[in-house]
Amino acid sequence: MTNAAELSTLLVWASATALAIALVAFAVDLARRTEVRTDARTRARELAAVGGPAGPDAGRAAPPAPTSSAAPAVPAGRGKAAGIAMSTTWLGTAMLLVAIVLRGVAAGRTPWANMYEFTMVGSFVALVAFLAVNLRKDLRFLGAFVTGLVVLFLVLGLNVFYVAATGVQPALQSYWLVIHVGVAITATGIFTVAFVASVLQLLRDHRDAGAPLLAGWHWLDRVPGATSLEALSFRFNAVGFVLWTFTIIGGAIWAEHAWGRYWGWDPKEVWSFVIWVVYAAYLHARTTRGWSGRRAAWFVVVGYACVLFNFTGVNLLFTGKHSYSGLNPGN
Amino acid sequence: MSETPRTQRETEARRPYRPEGIDDAFAAPERPAHGDETHGDETHGDATHGAAGDGARTGEQPGPSLPTLGWRGMLRWTWRQLTSMRVALLLLMLLAVAAVPGSILPQRSQDAGKVIEYLGDHPTTGEWLDRLGFFDVYTSPWFSAIYLLLMVSLVGCIVPRTVAHARNLRGRPPRTPARFGRFPATAAGTTTASPDDVAAAVAAHLRRGRTFRVDVGGEEPRAARGRGPRAVPARPATRTVAAERGYLRETGNLVFHLALLGLIVVVALGQLFHYRGQAIVTEGRGFANAVVDYDTFDKGAWFRPSELSPFSLTLDDFSSQFASDTVAFAQARDFTAHVTVTEPDGAASKETIKVNHPLTIDGAKVYLQGNGFAPEITVHDAQGQVAFEGRVPFLPEDSMYTSRGVVKVPDVSSGLEQIGLVGYFLPTAVVDDDGNARSVFPQPTDPLLVLEVYRGNLGLDEGVPQNVYRLDTASLTPSVGDDGERVKVLVRPGETVDLPDGLGTITVGQEVPRYVALDLRYDPSLAWVLTFALLALAGLAVSLFTPRRRVWLRAWEDEGRTVVELAGLARGDDAGLQGEVDRALAAVPGLSPDTIPDATPDATAEAVPDPVPDAGTADSTKGQEASR
């Protein structure tokens, strides 16, 4: 059993390494797309300047021009960096999955009962959400940020939250551990991807509005427009919000079984409620005149900050009934 | 997602930066001339309320006329403000912020002891915080005010919306708009089939699966009118199809909000009817379900003692298991209480109670909330009389079950003082060289009692109820040794030891009985709370994931063939809208193969904000790469 646990830890490190490589490759890809784009822009200007197709259609006519000259350099649709990034992300995700399974084997239970395991599984869900949607729709521009956050989370988990694999106390011995915590982790992973989309939306929006600080960030031109990013973020958030609602309901049912009350304003319950209300406010803000767009995106940022605090701050700073970090706050 | 590159680019290009909540996207760019009122209402607010308020306010006179409103006008204005989306949003934000202090400051409902401790540590700020209700945040007037206002706001908006939706459910799809050009999804084609056949085929296609409500109609021939770019050419008589789906979206939205209201109401009712009793029971003993048998008993305002079902419960045995591996040494692994329940009719049954498995008896649930050791202690006084005899529960203070307890010995023989014993029960004791004892494992492998002895007036004769777990030693005389240190009496089970200062002897029974803290709770609202919570979840999922779409078709004869145009409109952003329109076009019989979807004359992008091609859409990224 010890071997399984050790192998699991090694695989998490390996996965973090693979994802770090993916992060670099995604960043290179994003930068190189920027060059391509800048080229296209220059070309379009030149075309317009020499009296090519003038008027509003000038831009539209430009893209076919480079096709003939540059097409042989790169296989259609895939850059080299993007290819490396995607395959290392798949590899890292697969290794993380094996690490999670081995962890469960070593502990002899569901592998999401403490902070380290929560970090591991939450990162996995974020990666899967990213990869799954990417199969249907090109989301590679999100890659650098999703893998970046995941690497950060994994290394933090390994260094700060790590506890050895073992059983759990009686309060956690319930099938609700699988359901309630499993859904909470899934929601957290999905909120992570939505958060990345909203941050990009805000950056892109500010750059489009001519924010001087972002003038040098050309790579932002390579991400979709603010409206698309908003729609993308909303789709993830809608799924996350429904899952979070279920997390709270499932938690209440479990609390009723284990503690004899379904709601008791325990710090974790308070912050789960705060998160729920913030994301509910986000859904309302989206449809309120004067609050949609940029302001609504800030709700996502605040909501995700609450998600992170609910996971770290509430576990480590407050004493409550959800003291399952496996870490001793006294030390 | 059957999304085409074109769709996204167009939605991007057509709309200004305004994410498509129902707010604007569902408002037809060209409202049908007959002005469907219900839909006018729907142009505000999506997954949320506020529609009524917002809608009403737009028709209202602006602010400056405020002073002349009069009190009725003022009331109406207040009501509209309260039920507006903006105020609902504000209240939601306030609710989130107001909930936070309850997680930072200790709360009376959870740990009254911590509140007292806090008040002791922060006398000035603590007093002010207390006055403002910061130690009872969730029952404080300000917290209650926020959620009650939110409830009123919700009612004020959900009720009119429910009425509107009920009317809308019986309504028909809105008439086909005159121009399709500015809709987010369009398609067009030509066919050899007649307009009648086209309309019939597409209507049949849309009716399949009963998702769409479909109307087939027609329009009179139209003469050319207008000039310049907005000119409308002449057109013969047409056949039209108007279809709408996704009424469930609003239904789900309303169900969600109504279920939230129901949830709050049943939670409040549960508070009124509930009762909760806590009892400490030692092995071999039991208790009856009666108010007097509980150590503490809470009840709602509408609770009647006659509701207590008169069963009784005996603890036969309690077993515990702890991890002995190094990784999680002494971590609890299992607690099981074996009990015998005697029903009111005399039938007895053996049951077990575990931490995640409460026992249900006559609708009440019995939870295992704690456990510990209750050694049998007998104290003989200086004259040899039995002054105290009984099981004393010691409360565990750490994971090794270092447990604290108090023995209050009355003065049974005249002329003697009362004796107070305070100290610890250590299940597996290790005594250091300097005489300090501590517990190293939670199981009773080598139990030891370490007690300090006090004498004086404990107040046992004054008839004032006392906390049995606390001894106020301030006015008592401790027994001290020659070195001035307090004497520590060490007793092991089965031993009898002399108390210092000739106060008598203490005997601890050979067997150390376990005790369990049981929590009995009855709340008739539980099933209803769950029902409303699940209803809310279902309503939420339906309202967020049901696409609401309208599809229109117009077909007319032109130069021997039939021209077909389609348009689609969705509420909220809807990636599948263009696919829906394309599938409807594909249902047209005899469609000409050279048909290009979306070839409608005025479907071209009206505004391309960025001169650079395909400004940054995900799909165009692929195009860019391919072009290198």
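About the thresholds
- Residues numbered from 1 in each chain as written.
- Chains lettered and ligands numbered in written order.
- Predicted model: local features only at pLDDT ≥ 70, side-chain atom pairs only at ≥ 80, totals over all residues.
- Heavy atoms only, no water.
- Pairing = 2+ DSSP bridges.
- Helix = DSSP H or I, 4+ residues; strand = E, 2+ residues; numbered from the N terminus.
- Axes fitted to C-alpha atoms, helices over the stretch in contact; angles between N-to-C directions.
- Contact = heavy atoms within 4.5 Å.
- Buried < 20%, exposed > 50% of the residue type's maximum accessible area, 1.4 Å probe, protein only.
- pLDDT = per-residue confidence, 0-100.
- Expected span 1.5 Å × (residues − 1).
- Bend = angle between axes of the 7 residues up to and from the residue.
- Salt bridge = Lys/Arg side-chain N within 4 Å of Asp/Glu carboxyl O.
- Core = buried A, V, L, I, M, F, W, Y, C linked by side-chain atoms within 4.5 Å.
- Polar contact = N/O pair within 3.5 Å; in protein donor to acceptor, adjacent residues only side chain to side chain.
- Parallel < 35°, antiparallel > 145°, perpendicular 65-115°, else oblique.
- Left-handed = near helix turned anticlockwise from the far one by under 90°.
- Nonpolar A, V, L, I, M, F, W, Y, C, P; charged D, E, K, R; others polar.
- Patch = residues over 30% accessible without salt bridge, like charges linked within 9 Å, V, L, I, M, F, W, Y side chains within 5 Å.
- Areas by Shrake-Rupley, 256 points an atom, 1.4 Å probe, with all protein chains shown as cover.
- 1 Å grid on protein atoms, 1.4 Å probe; cavity = no way out; pocket = protein on both sides within 12 Å on 5 of 7 lines; lining within 4 Å.
- Points joined across faces, edges and corners; volume = space filled by probe spheres on them.

**Remarks on the sheet that holds strand β3 (residues 238–245) of chain B**
Residue and element names in this part refer to chain B.
- The 5 strands lie next to each other as β1-β26-β25-β3-β2, forming an open sheet whose pairing is antiparallel. Both outer strands of the open sheet, β1 (185–191) and β2 (212–219), are each paired with one neighbouring strand and no more. Strand-to-strand twist across the sheet, computed as the mean angle between neighbouring axes with direction ignored, equals 15°.
- Examined bridge by bridge, β3 and strand β25 (residues 548–558) share 8 bridges and lie antiparallel to one another. Its bridge partner lying in β25, Arg245 is registered against Arg549.
- Against the sheet, helix α14 (residues 577–586) engages β1, β2, β3, β25 and β26 (561–571), with an angle of about 15° to β1.

**Some thoughts on the pairing of β3 of chain B**
All names here are of chain B.
- Of all 8 residues in β3, 7 are buried, a share of seventy percent or more.
- Of the strand pairs in this sheet, β2 and β3 are connected by 8 bridges, and their pairing is antiparallel. When the sheet's bridge partners are listed, Glu219 is paired in β3 with Thr238.

**Observations concerning the confidence of the model for chain A**
- Looking at chain A as a whole, the pLDDT averages 83, with 83% of positions reaching at least 70.
- Contacts of residues 49–77 of chain A to residues separated by more than four positions or lying in other chains number 32 contacts, the stretch itself having pLDDT below 50.

**Some points on helix α6 (residues 140–161) of chain A**
- Across its 22 residues, α6 of chain A extends 30 Å between first and last C-alpha, which sits within 8% of the 32 Å expected from 1.5 Å per residue.
- Taking burial as the measure, the 22 residues of α6 of chain A include 16 buried ones, the bulk of the element.

**Structural notes on the pairing of strand β24 (residues 514–522) of chain B**
Residues and elements named next belong to chain B.
- Of all the 9 residues making up β24, 7 are buried; the element is thus mostly covered by neighbouring parts of the structure.
- One ladder, built from 8 bridges, connects strand β4 (residues 275–282) with β24; its direction is antiparallel. Pairing of Thr282 across the sheet is with Tyr515, part of β24.
- The pairing of strand β11 (residues 364–373) with β24 spans 8 bridges and is classified as antiparallel. The residue bridging Leu368 from the neighbouring strand is Leu518, located in β24.

**Looking at helix α8 (residues 108–121) of chain B**
- With 14 residues, α8 of chain B should cover 20 Å at 1.5 Å per step; its first-to-last C-alpha distance of 16 Å lies more than 12% under that length.
- Along α8 of chain B, the sharpest kink reaches roughly 50°, centred on Lys114 of chain B.

**Notes on the pattern of salt bridges**
- Inspection of every chain in the model, using the stated rule, returns 31 salt bridges over all chains.
- For the salt bridge of Asp130 of chain B with Arg108 of chain B, the shortest nitrogen-to-oxygen distance reads 3.1 Å. Here Asp130 of chain B, found in helix α9 (residues 123–131), pairs with Arg108 of chain B, found in helix α8; they are 22 residues apart in sequence, far enough to count as distant.
- Given the relative accessible area of 27%, Asp130 of chain B is considered partly exposed.
- Residue Asp523 of chain B pairs with Arg521 of chain B through a salt bridge whose shortest N-O separation is 3.2 Å. An identical accessibility class is assigned to Asp523 of chain B and Arg521 of chain B; each is buried.
- In the salt-bridge network here, residues are joined through shared partners; they are Arg103, Arg109 and Glu117 of chain A.

**Structural notes on the nonpolar core**
- Ranked by size, the top nonpolar core spans 136 residues in total, and within it Phe141, Leu142, Phe236 and Val274 of chain A together with Phe143 of chain B carry the most contacts.
- A per-element tally of this core places helix α7 (residues 176–208) of chain A first, with 15 residues.
- Apart from residues no more than four positions distant in its own chain, Leu142 of chain A is found in contact with Phe130, Val193, Val196, Ala197, Leu200 and Leu232 of chain A.
- Judged by nonpolar contacts, the second largest core, of 56 residues, contains Tyr275, Leu313, Phe318 and Val489 of chain B.

**Observations concerning the side chain of Thr166 of chain A**
- Checked against the element boundaries, Thr166 of chain A lands in the loop between α6 and α7.
- Among the polar contacts made by the side chain of Thr166 of chain A, one reaches the side chain of Arg333 of chain B at a distance of 3.2 Å.
- Excluding residues within four positions of it along the chain, Thr166 of chain A makes contact with Ala107 and Arg109 of chain A together with Asp325, Val327, Ala328 and Arg333 of chain B.

**Observations regarding the packing of helix α9 (residues 267–286) of chain A against helix α6 (residues 85–99) of chain B**
- Packing of α9 of chain A against α6 of chain B brings their axes to within 9 Å, and their N-to-C directions diverge by 165°. By the criterion of interaxial angle, the relationship of α9 of chain A to α6 of chain B is roughly antiparallel. As α9 of chain A packs across α6 of chain B, the resulting crossing turns out to be left-handed. Two secondary-structure elements touch here, α9 of chain A through Val270, Phe273, Val274, Val277, Val278, Ala280, Ala281, His284 and Ala285 of chain A and α6 of chain B through Met85, Leu89, Leu92, Leu95, Ala96 and Ala99 of chain B.
- Here the contact of α9 of chain A with α6 of chain B is composed, by residue class, of 14 nonpolar, 1 polar and no charged.

**Overview of the sheet that holds strand β12 (residues 376–381) of chain B**
All names here are of chain B.
- Taken together, the 4 strands give an open sheet; going across it, the order is β13-β12-β23-β22, and neighbouring strands pair in antiparallel fashion. Where the open sheet ends on each side, the last strands, each with one partner, are β13 (386–391) and β22 (496–499). Direction aside, the axes of adjacent strands within the sheet are offset by 15° on average.
- Bridge count between β12 and β13: 5 bridges; the pairing is antiparallel. Note that in β13 the partner of Val379 across the bridge is Phe388.

**Quick look at unusual backbone geometry**
Residues and elements named next belong to chain B.
- For Tyr401, which is not a glycine, the phi torsion comes out positive at approximately 60°.
- You can see Tyr401 is positioned in the loop between β14 (395–396) and β15 (403–409).
- Since its relative accessible area comes to 8%, Tyr401 is described here as buried.
- Although it is not a glycine, Glu559 sits at a positive phi angle of roughly 50°.

**Thoughts on a nonpolar patch on the surface**
- Residues Leu97, Val101 and Val105 of chain A make up a contiguous nonpolar surface patch of roughly 240 Å² in combined accessible area.
- Structurally, the position occupied by Leu97 of chain A is in helix α4 (residues 80–107).

**A word on the environment of Thr251 of chain B**
- In this structure, Thr251 of chain B sits in helix α12 (residues 247–273).
- Between the alpha carbons of Thr251 of chain B and Leu537 of chain B there is a distance of 13 Å; along the sequence they are 286 residues apart.

**A few points about the side chain of Thr83 of chain B**
Residues and elements named next belong to chain B.
- Counting through the fold element by element, Thr83 comes out in the loop between α5 (70–82) and α6.
- Here Thr83 falls in the buried class, since its relative accessible area comes to 3%.
- A distance of 2.9 Å separates a polar side-chain atom of Thr83 from the backbone oxygen of Trp79.
- A distance of 3.4 Å separates a polar atom in the side chain of Thr83 from the backbone oxygen of Arg80.

**Observations concerning empty space enclosed by the protein**
Residue and element names in this part refer to chain A.
- For the structure on display, the rule yields 8 cavities of 30 Å³ or more.
- Roughly 590 Å³ of volume is contained in the largest cavity.
- What lines the largest cavity is a set of 33 residues, among which Phe118, His180, Val181, Lys268 and His322 lie closest to the centre.
- Of all the elements in the fold, those that place two or more residues in the lining of the largest cavity are α5 (115–136), α7, α8 (226–258), α9 and α10 (294–311).
- Ranked by residues supplied to the lining of the largest cavity, first place goes to α8 with 8 residues.

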